[in-house]
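Structural characterization, general
Chain by chain, the residues:
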Amino acid sequence: MELVQMQKGLQDYTKSLFLDGVLDSQFLQLQQLQDESNPDFVSQVVTLFFQDSDRILNDLSLSLDQQVVDFKKVDPHVHQLKGSSSSIGAQRVKNACVVFRSFCEQQNVEGCHRCLQQVKQEYYLVKNRLETLFKLEQQIVASGGMIPAMELGF
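Definitions and cut-offs
- Residues numbered from 1 in each chain as written.
- Predicted model: local features only at pLDDT ≥ 70, side-chain atom pairs only at ≥ 80, totals over all residues.
- Heavy atoms only, no water.
- UniProt positions renumbered as here; feature names shortened; annotations may be inferred.
- Phe/Tyr/Trp six-rings, centres within 6.5 Å; stacked < 30°, edge-to-face > 60°.
- Helix = DSSP H or I, 4+ residues; strand = E, 2+ residues; numbered from the N terminus.
- Buried < 20%, exposed > 50% of the residue type's maximum accessible area, 1.4 Å probe, protein only.
- Lys NZ or Arg CZ within 6 Å of the ring centre and 35° of its normal.
- Axes fitted to C-alpha atoms, helices over the stretch in contact; angles between N-to-C directions.
- Contact = heavy atoms within 4.5 Å.
- Nonpolar A, V, L, I, M, F, W, Y, C, P; charged D, E, K, R; others polar.
- Expected span 1.5 Å × (residues − 1).
- Polar contact = N/O pair within 3.5 Å; in protein donor to acceptor, adjacent residues only side chain to side chain.

- As annotated in an unreviewed UniProt entry, the protein chain carries the name Histidine-containing phosphotransfer protein and is attributed to Brassica oleracea var. oleracea.
- Turning to the protein chain, the UniProt record has this under Function (unreviewed entry): "Functions as a two-component phosphorelay mediators between cytokinin sensor histidine kinases and response regulators (B-type ARRs). Plays an important role in propagating cytokinin signal transduction."

See below:
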């Protein structure tokens, strides 16, 4: 594929992540921290987010599957996931965590189970979409191109 087409495809794909509400402007701020001295900064931060999120989601599943749910253990996990998703701009994960926390405060086990499924769904969506984004970027760099800067002017 021609480099210019690949760059246009990346811009269109990235734009769709914002229009679909998968990402918010925090992701752009994260991208602005990346430079020539640390060209993999964003993918490294996001990879850490994925690792932490996988662990947190597993812990949440285990906690909610207990005979008696200890909401004092559940809520901090949800709070941590909300914060880390917010820091990378994973808007839909963050929003699902906000609802999840309200069910924790109400100590509503059924509501928490439903929210956990929603959080997982949103998490796997953002994970899949960001992995695709990084692959597109890698293809452009491998072809000798530069990653076009993205702005929220759409």
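So, next bit.
**Some points on the packing of aromatic side chains**
- On inspection of all chains with the given rule, the structure shows four aromatic pairs.
- Ring plane angle 75 degrees and centroid distance 6.2 Å describe the contact between Phe50 and Tyr123, whose orientation is recorded as edge-to-face. Of the two residues, Phe50 sits in helix α3 (residues 41-64) while Tyr123 sits in helix α6 (residues 109-142), which places them 73 residues apart along the sequence.
- Exposure remark for Tyr123: the relative accessible area of 1% places this residue in the buried category.
- Following the ring pairs from residue to residue traces out a cluster consisting of Phe49, Phe50, Tyr123 and Tyr124.
- A cation sits over an aromatic face here: Lys127 above Phe50, 5.5 Å from the ring centre.

**Notes on the UniProt feature "domain: HPt" (unreviewed entry) in the protein chain**
- Feature annotation in UniProt places "domain: HPt" (unreviewed entry) on residues 38-143, given in this structure's numbering.
- Note that residues 38-143 is 86% helix and 0% strand, and that its end C-alpha atoms are spaced 19 Å apart.

**A look at the packing of helix α2 (residues 25-32) against helix α4 (residues 71-88)**
- Running from amino to carboxyl end, α2 crosses α4 at an angle of 65 degrees, the nearest separation of the two axes being 6 Å. Residue-level contacts link Gln26, Phe27 and Leu30 of α2 to Ser86, Ser87 and Ile88 of α4.
- Along the lines of polarity and charge, the residues of the contact of α2 with α4 split into three nonpolar, three polar and no charged.

**What about α4?**
- In this model α4 runs 26 Å from its N-terminal to its C-terminal C-alpha over 18 residues, within 8% of the 26 Å that 1.5 Å per residue would give.
- Of the surrounding elements, those touching the buried residues of α4 are α2, α3, α5 (91-105) and α6.
- At the N-terminal boundary of α4, the capping side chain belongs to Asp70, with an oxygen 3.0 Å from the backbone nitrogen of Lys72.
- Just downstream of α4 lies Gly89, where phi reads positive at about 85 degrees.

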